[in-house]
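# Structural description and commentary
Letter by letter, the chains look like this.
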Amino acid sequence: MYGNAYIEPDSELAAKMAASREEDPEKLAEFEARIARGEKIEPDDWMPAEYRRQLLRMIEQHAHSEIIGALPEGTWITRAPTLRRKLALIAKVQDEVGHGHLLYSAAETLGKSREAMINDLISGKSKYSNIFNYPAKTWADIAVIGFLVDAGAIVNQLANAKGSYGPYCRALERICYEESFHLKQGYDAFVALAVGTPVQREMLQDALNRWWFPPMMHFFGPPDTISVHTEKLMRWKVKMASNEEMRQDFIEQYVPKIWELGMTLPDPALRKDEATGVWEYTQPDWDEFFRVINGDGLCNKERLAVRRYAEENGRWVREALMNPIQKRMVPYA
Amino acid sequence: MTESLDPRIRRADLEASPASSGLKQNEHWETYAIFHQDKRGAAHEFVGIVHAPDPELALVFAKEQFGRRKKTVNLWAVRSSDIYTFQHEDDDMFSTVPDKNYREASGYPVRKRINKYLFDQKEEEASKA
């Protein structure tokens, strides 16, 4: 799923920018020239400390989002309405956990262990996509998540797949391939309700209203402030599109598909300016966004408690299998 | 914490589970490189890694992660630390002379030489006659 389009800003940014100024100028120039030529950076290549740090942060948050994202969807596995929907949902949730694994592997090539990443997730130090701090209240929520959240993730991930770090791009290629199934099965479940009985339509409309505002409108993050820092991340092909560009791309592709079915979105200001081609919409409450990402959402506590429960209750199995002579190494690719 | 919407999570009784003591280094074991084969006789191709305590479980995890979707007839698991490799920064050792056509069949234009020989022969005979 679930590109975490919004990457939490770096509080130690100033220090790191100072550090990056101290990078060997010759190596830095060669590094930037390689990226400008469209070459991929591989794990054992020289890279600026700030590039490594930003990428690690981004890939790690993306990985966390995949495994946390499996939780709201998993909520409905036991109550899927038909066997086929249940098979599809189980397959999708398994894919999401697999994506988490692929992304943790990509992050590991940058030198951080998976154990350290999971510790940072459980302690709250490391973030994941805010959208999963909202509850999936009905089956229609699963249809809306499978359709719109996965659509948003594809917009984000297709952009990132053109980035500069080889292992991340390769993980995203496989992920995007699987996402196309997720999106299509979500759209199918969405349409099934939209063309169904009045009660089904009402349930779908209710889910749409809750997921559009604020989660989907928060999904890509607040409009970027254009800073020297953002420009550098774009030059290094860490960030491939601005938050607003991705949001516009998402709205352009998916709002017509919702309206076509006679469903509505809870934003009276939502319209396309035909002259400029730009979509207008009501800005969501960005204070809520920051409140939720810092722990004060409906589901933050439960999501992390489930993760902690899994790690703590699985420990005896891991220890029983432990081979005492093994040693840790950073994987080659 | 509000009550979970997920019946499985309600049953798990999260409040009663122990506080996190944190994962220790290596608690997720070491890594194995996985090589995927899509048909008999084809080369096994590197597709990614899994964390596993031993080679048998590495194959079990690899089957889930790399064999669940595309066609698979076989997988190899190799402990990452058992792979020997050159460093990419030394890749200049693989560069040789820029023109390697002495290694290629196309580097030997035999027919050209024969044709010239045959042409010269014909000329010579013509001049004799």
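These remarks concern the structure in this document. (Residues numbered from 1 in each chain as written. Chains lettered and ligands numbered in written order. Predicted model: local features only at pLDDT ≥ 70, side-chain atom pairs only at ≥ 80, totals over all residues. Heavy atoms only, no water.)

### Some points on the overall build of chain A
- A count of helices and strands for chain A gives 12 helices and 2 strands.
- Reading chain A from its N end, one meets helices and strands in the order α-α-α-α-α-α-α-α-α-α-β-β-α-α.
- The C-alpha atoms of chain A give 21 Å as radius of gyration, which agrees with the globular expectation for 333 residues (20 Å, within 12%).
- Seen through its C-alpha atoms, chain A measures out along the principal axes to roughly 65 × 60 × 35 Å.
- A total of 333 residues make up chain A; the buried ones form 57% of that total.
- For chain A, the proportion of contacts with a sequence separation of at least 24, taken over those separated by at least 6, is 80%.
- Here chain A displays about 14000 Å² of accessible surface, and carbon together with sulfur accounts for 58% of that area.
- Taken as two groups, the 42 positive and 49 negative side-chain charges of chain A have centres that lie 4 Å from each other. (Helix = DSSP H or I, 4+ residues; strand = E, 2+ residues; numbered from the N terminus. Rg over C-alpha atoms; globule rule 2.2 N^0.38 Å. Buried < 20%, exposed > 50% of the residue type's maximum accessible area, 1.4 Å probe, protein only. Contact = heavy atoms within 4.5 Å. Areas by Shrake-Rupley, 256 points an atom, 1.4 Å probe, with all protein chains shown as cover. Lys, Arg positive; Asp, Glu negative; His and termini not counted. Charge placed at Lys NZ, Arg CZ, Asp CG, Glu CD.)

### Focus on empty space enclosed by the protein
- Taken as a whole and assessed by the stated rule, the structure comprises 4 cavities of 30 Å³ or more.
- Looking at the second largest cavity, its volume works out to about 60 Å³.
- Lining the second largest cavity we find Glu108(A), Ser113(A), Glu115(A), Arg328(A), Met329(A), Asn26(B), Trp29(B), Glu30(B), Thr31(B) and His51(B).
- Residues belonging to the lining of the second largest cavity are distributed by class as follows: 2 nonpolar, 4 polar and 4 charged. (1 Å grid on protein atoms, 1.4 Å probe; cavity = no way out; pocket = protein on both sides within 12 Å on 5 of 7 lines; lining within 4 Å. Points joined across faces, edges and corners; volume = space filled by probe spheres on them. Nonpolar A, V, L, I, M, F, W, Y, C, P; charged D, E, K, R; others polar.)

### Re the packing of helix α6 (residues 139-160) of chain A against helix α8 (residues 198-218) of chain A
All names here are of chain A.
- Contact geometry for α6 and α8: axes closest at 9 Å, N-to-C directions at 40°. What the angle tells us is that α6 and α8 run oblique. Judged by the twist between their axes, the crossing of α6 over α8 is right-handed. Touching Ala140, Asp141, Val144, Ile145, Leu148, Val149 and Gly152 of α6 are Met203, Leu204, Ala207, Leu208, Arg210, Trp211, Trp212 and Met216, all from α8.
- Class assignment of the residues belonging to the contact of α6 with α8 gives a composition of 12 nonpolar, 1 polar and 2 charged. (Axes fitted to C-alpha atoms, helices over the stretch in contact; angles between N-to-C directions. Parallel < 35°, antiparallel > 145°, perpendicular 65-115°, else oblique. Left-handed = near helix turned anticlockwise from the far one by under 90°.)

### Quick look at the environment of Phe46(B)
- Note on placement: Phe46(B) falls in strand β2 (residues 45-52).
- Exposure remark for Phe46(B): the relative accessible area of 33% places this residue in the partly exposed category.
- Between the C-alpha atoms of Phe46(B) and Arg69(B), which are 23 residues apart in sequence, the distance is 16 Å.
- Contacts of Phe46(B), omitting those with residues within four sequence positions, involve Ala333(A), Ala33(B), Ile34(B) and Phe35(B).

### Section: the nonpolar core
- Counting residues in each nonpolar core, the largest one holds 99 residues, and the members touching the most others are Tyr51(A), Ile59(A), Leu148(A), Tyr165(A), Phe190(A), Trp212(A) and Phe250(A).
- In this structure, Tyr51(A) is in contact with Phe31(A), Ile35(A), Ile41(A), Ser164(A), Tyr165(A), Trp236(A) and Val238(A), ignoring residues within four places of it in sequence. (Core = buried A, V, L, I, M, F, W, Y, C linked by side-chain atoms within 4.5 Å.)

### Description of the interface of chain B and chain A
- Contacts between the two partners involve 42 residues from chain B, matched on the other side by 48 residues from chain A.
- Note on chain B versus chain A: buried area summed over both sides is about 4400 Å², and carbon and sulfur give 52% of it.
- The largest contributions to the chain B side of the interface with chain A come from Leu5(B), Leu23(B) and Arg69(B), which together make up 14% of the buried area.
- Across the chain B-chain A interface, the total number found is 7 salt bridges.
- In this structure, Arg69(B) and Glu178(A) form a salt bridge, with 3.3 Å as the shortest nitrogen-oxygen distance.
- Our enumeration of links across chain B and chain A arrives at 28 residue pairs in polar contact (both at pLDDT 80 or more).
- Among the secondary structure elements, those contributing two or more residues to the side of chain B that touches chain A are α1 (7-12), β1 (30-37), β2 and α2 (55-66) of chain B.
- The dominant element in the side of chain B that touches chain A, judged by the number of residues it contributes, is β2(B), at 5 residues. (Buried area = accessible area lost by both parts, 1.4 Å probe. Salt bridge = Lys/Arg side-chain N within 4 Å of Asp/Glu carboxyl O. Polar contact = N/O pair within 3.5 Å; in protein donor to acceptor, adjacent residues only side chain to side chain.)

### Section: the layout of surface pockets
- A volume near 1000 Å³ is recorded for the largest pocket.
- Residue lining of the largest pocket: 35 residues in total, with Ile67(A), Val97(A), Gly98(A), His101(A) and Arg307(A) positioned closest to the centre.
- Contributions of two or more residues to the lining of the largest pocket are made by α3 (49-74), α4 (83-108), α5 (114-123) and α12 (300-321) of chain A together with α1, β2 and α2 of chain B.
- Per-element accounting of the lining of the largest pocket gives the leading share, 8 residues, to α12(A).

### Describing the packing of aromatic side chains
All names here are of chain A.
- Tallied over the entire structure, the rule returns 18 aromatic pairs over all chains.
- With 4.6 Å between their ring centres and 20° between their planes, Phe147 and Tyr187 make a pair best called stacked. Placement of the pair is Phe147 in helix α6 and Tyr187 in helix α7 (residues 166-194), with a sequence separation of 40 residues.
- In this structure Phe147 comes out as buried when scored by relative accessible area, which is 1%.
- Each residue in the set Phe147, Tyr187, Phe190, Trp212, Phe219, Phe220, Phe250 and Tyr254 is aromatic and connected to the rest through ring pairs, giving one cluster.
- Directly above the ring of Trp76 sits Arg79, whose terminal nitrogen or CZ lies 4.3 Å from the centroid. (Phe/Tyr/Trp six-rings, centres within 6.5 Å; stacked < 30°, edge-to-face > 60°. Lys NZ or Arg CZ within 6 Å of the ring centre and 35° of its normal.)

### Description of the side chain of Arg303(A)
All names here are of chain A.
- Mapped onto the elements of the fold, Arg303 is located in helix α12.
- The class of Arg303 is buried, set by a relative accessible area of 3%.
- At 2.6 Å, the side chain of Arg303 forms a polar contact with the backbone oxygen of Phe132.
- When near neighbours in sequence (up to four residues on either side) are disregarded, Arg303 contacts Ile68, Leu71, Pro72, Tyr128, Phe132, Asn133, Tyr134 and Pro135.

### Side note on a nonpolar patch on the surface
- There is a patch of nonpolar side chains on the surface, built from Val97(B), Tyr102(B), Tyr108(B), Val110(B), Ile114(B), Tyr117(B) and Leu118(B) and spanning about 700 Å² of accessible area.
- Counting through the fold element by element, Leu118(B) comes out in helix α3 (residues 110-128). (Patch = residues over 30% accessible without salt bridge, like charges linked within 9 Å, V, L, I, M, F, W, Y side chains within 5 Å.)

### As for unusual backbone geometry
- Here the residue pair Phe213(A) and Pro214(A) is connected by a cis peptide bond, since its omega of 0° sits within 30 degrees of zero.
- For Pro214(A), the location among the structural elements is in helix α8.
- With a phi angle near 65°, Trp29(B) is a residue other than glycine that sits in the positive phi range.
- Positionally, Trp29(B) belongs in the loop between α1 and β1.
- Using a relative accessible area of 10% as the deciding quantity, one classes Trp29(B) as buried.

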